[in-house]
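Notes for the structure review
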Amino acid sequence: MQVKTFRAPTIGQALEQVKRELGQDAIILGNRKVALSAEESVVEVMVALEREAEVSQASNESMRNGIEEIKGLLSLLISSKDTFARLQLEQPVTELYHSLLTRGLDEKQTFLLLKKALRQVQGNPHEKERIADAFRAQLAEKIRTCRPFAGSFLHADEPQLYAFVGPTGVGKTTTLAKLAAHLKIKRRLDPAVISLDTYRIGAVDQLRTYADILAIPLVVAQSREEFHQAVERLRGHPILLVDTIGRNFLRKQHVADLAGTLGGSRQVHSFLVLNATAKDEDLKQTIQHFRPLDPHSLIFTKLDETMSHGCIVNQLLRFPYGVSYLGIGQRVPEDIEAATHKRLLSLLIPSGNGSSRKE
Ligand SMILES: Nc1nc2c(ncn2[C@@H]2O[C@H](COP(=O)(O)OP(=O)(O)OP(=O)(O)O)[C@@H](O)[C@H]2O)c(=O)[nH]1
Ligand SMILES: [Mg+2]
């Protein structure tokens, strides 16, 4: 809270000054008479501005981001006026353009990628199939998929740690269970699980049920020290999967707390688990806040609950992270897929919509 003082010969004049400078937002804290000399005195009014520095800083930051975004869009529109006009006029391209926007792909990215695709087919906007293929090729070049468990793990001296982090209820525990089953049954590895989620009632029970079914050891840790002790106890296992507490990670402090618990001498790979039905802007903010954890990759869940899969691709275009897995339903263990370019592209341009590619 900011405090300011105003001085004037009379209280009326001091209040007039306050009103002129600060408008109606100021809160009067008090006033007093201040003697300047034996004959002369003034009235001092102390006022407070309700807005806290932190809030105005945050709003300044978001205003700056907004302005940057508008500037980017404007220069894009000005520099690409002709192409834009052509996109608007030519039926096959507009169809594709609108269908991509309907699926939630970012407008600016859609435009830029389509513009490049159009250039590749030498500006002939009637070649729908070729434009769609060129668009897919452009996009495929820009997004990255990862295979975190591709290595053999058999000769690893130390266990590899993978933490499932992300907002509340996105499917961290369910995804961990799906992958634990995959590693145990399909890969014949011997994973173990650590739960750091002792915050929510029933959270450990939920994980214990999965661990019991899969005959996988589970250790519960409530602090950074207990976490490190748990890792020591489970040394013989090649892979340790760590379940974490879901919090509102739009609050940066929660990310810092989590980084504090996971931090230490050992490297922990973080899977940032995100709900594909969330709003584009919220996903963007969440990923931004998780940057201090340097996520290994993103996992998107609940793809089965939305038709707008564009927001997944938007994040891959925005951030330097790849995507490793896609959650496609509630069933454990079967409703999970390793993310592939083919699958991601088919979510945006379903087959039969402009694609002639046989994959
Ligand atoms: N439809 C659908 N539901 C899913 C998917 N993944 C998880 N869920 C459901 O989402 C709900 C929350 O899943 P959890 O695994 O408990 O989520 P969490 O992130 O661990 O939640 P917290 O620990 O409370 O933050 C459960 O009902 C899951 O069955 C998915 O891919 N598709
Ligand atoms: Mg959970």
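Reading the values: the criteria
- Residue numbers run consecutively from 1 along every chain, following the written order of its sequence.
- Chains carry letters from A onward and ligands carry numbers from 1 onward, assigned in written order.
- Two thresholds apply to this predicted model, a pLDDT of at least 70 for residue-level local features and 80 or more for giving and counting side-chain atom pairs, whereas whole-chain, interface and lining totals are computed over all residues.
- Put simply, DSSP marks the helices as runs of H or I at least four residues long and the strands as runs of E at least two long, and each gets a number from the N terminus on.
- This entry defines residue contacts through backbone-placed C-beta atoms, with two residues in contact when those atoms are within 7 Å.
- To get an axis, a line is fitted to the C-alpha atoms, and for a helix only the part in contact is used. The angle between two axes follows their N-to-C directions and goes from 0 to 180 degrees.
- Two helices that cross are described as forming a left-handed crossing if the nearer one is turned anticlockwise from the farther one by less than a right angle, and a right-handed crossing if clockwise.
- Gly counts as polar in this scheme, as do all residues outside two lists: the nonpolar Ala, Val, Leu, Ile, Met, Phe, Trp, Tyr, Cys and Pro, and the charged Asp, Glu, Lys and Arg.
- For classification purposes, angles smaller than 35 degrees are called roughly parallel, those larger than 145 roughly antiparallel, those between 65 and 115 roughly perpendicular, and all remaining angles oblique.
- Paired strands, as defined in this entry, are two strands with at least two bridges between them according to DSSP.
- Here is the check we use: build the C-beta atom from the backbone, and if it is within 6 Å of the molecule or strand, call the residue near.
- To sort residues by exposure, count the other C-beta atoms lying within 10 Å of each residue's C-beta; 20 or more gives buried, 12 or fewer gives exposed, and values between give partly exposed, all with C-beta atoms placed from the backbone.

1. Some points on the overall build of the protein
Secondary structure assignment for the protein yields 13 helices and 11 strands. The long-range share in the protein, meaning contacts at least 24 apart out of those at least 6 apart in sequence, stands at 72%.

2. Examining the packing of helix α11 (residues 280–289) against helix α12 (residues 310–318)
Packing of α11 against α12 leaves a shortest axis separation of 10 Å and a crossing angle of 40 degrees. For the crossing formed where α11 meets α12, the hand is right-handed. Residues D280, L283, K284 and I287 of α11 touch α12, and the partners they reach there are C311, N314, Q315 and R318. In the contact of α11 with α12, the residues fall into 3 nonpolar, 2 polar and 3 charged.

3. Concerning the packing of helix α5 (residues 107–120) against helix α6 (residues 128–142)
Axis separation between α5 and α6 bottoms out at 8 Å; the angle between their running directions is 125 degrees. By the angle between their directions, the pair α5 and α6 is classed as oblique. For the element pair α5 and α6, the recorded crossing hand is right-handed. Taking contact as the criterion, the partners of L113, L114, K116, A117, L118 and Q120 in α5 are, on α6, I131, A134, F135, Q138 and L139. Tallied by class, residues from the contact of α5 with α6 come to 8 nonpolar, 2 polar and 1 charged.

4. Some details on the pairing of strand β4 (residues 160–165)
One ladder, built from 5 bridges, connects β4 with strand β7 (residues 239–243); its direction is parallel. Bridge pairing in β7 links A163 to V242. When β4 meets strand β8 (residues 268–275), the two strands line up parallel, connected through 5 bridges. Note on β8: the bridge partner recorded for L161 is V268.

5. Quick look at the site of ligand 1
Inspection of the region around ligand 1 gives 20 residues, with G171, T173, T174, G246 and G327 positioned closest. Of the residues forming the shell around ligand 1, the biggest block, 3 residues, is contributed by helix α7 (residues 172–186). Of the residues belonging to the shell around ligand 1, the class tally is 3 nonpolar, 10 polar and 7 charged.

6. Considering the sheet that holds strand β1 (residues 2–8)
The strand order across the open sheet formed by 3 strands is β1-β3-β2, and the pairing between neighbours is antiparallel. Taken across any chain shown, the strands that pair with only one partner, and hence form the sheet edges, are β1 and β2 (26–35). Each neighbouring strand pair of the sheet contributes to a mean axis angle of 20 degrees, computed without reference to strand direction. Direction of pairing for β1 relative to strand β3 (residues 41–49): antiparallel, over a ladder of 7 bridges. Bridged to K4 within β3 is V47. The sheet contacts of helix α1 (residues 11–22) involve β1, β2 and β3, and relative to β3 the element is tilted by about 30 degrees.

7. Regarding the sheet that holds β4
Pairing is mixed in the open sheet, where 8 strands are placed in the order β6-β5-β7-β4-β8-β9-β10-β11. A strand with exactly one partner marks an edge of an open sheet, and here the two such strands are β6 (218–220) and β11 (336–338). For this sheet the average axis-to-axis angle between neighbouring strands, irrespective of direction, equals 25 degrees. In this sheet, β11 lies alongside strand β10 (residues 323–327) in antiparallel orientation, the contact comprising 3 bridges. By the bridge assignment for β11, G327 is matched with I336.

8. Overview of the environment of G12
Secondary-structure assignment places G12 in helix α1. A tally of 9 C-beta atoms within 10 Å means that G12 is categorised as exposed. Expressed as a C-alpha distance, the spacing of G12 and V43, which sit 31 residues apart in the sequence, is 9.3 Å.

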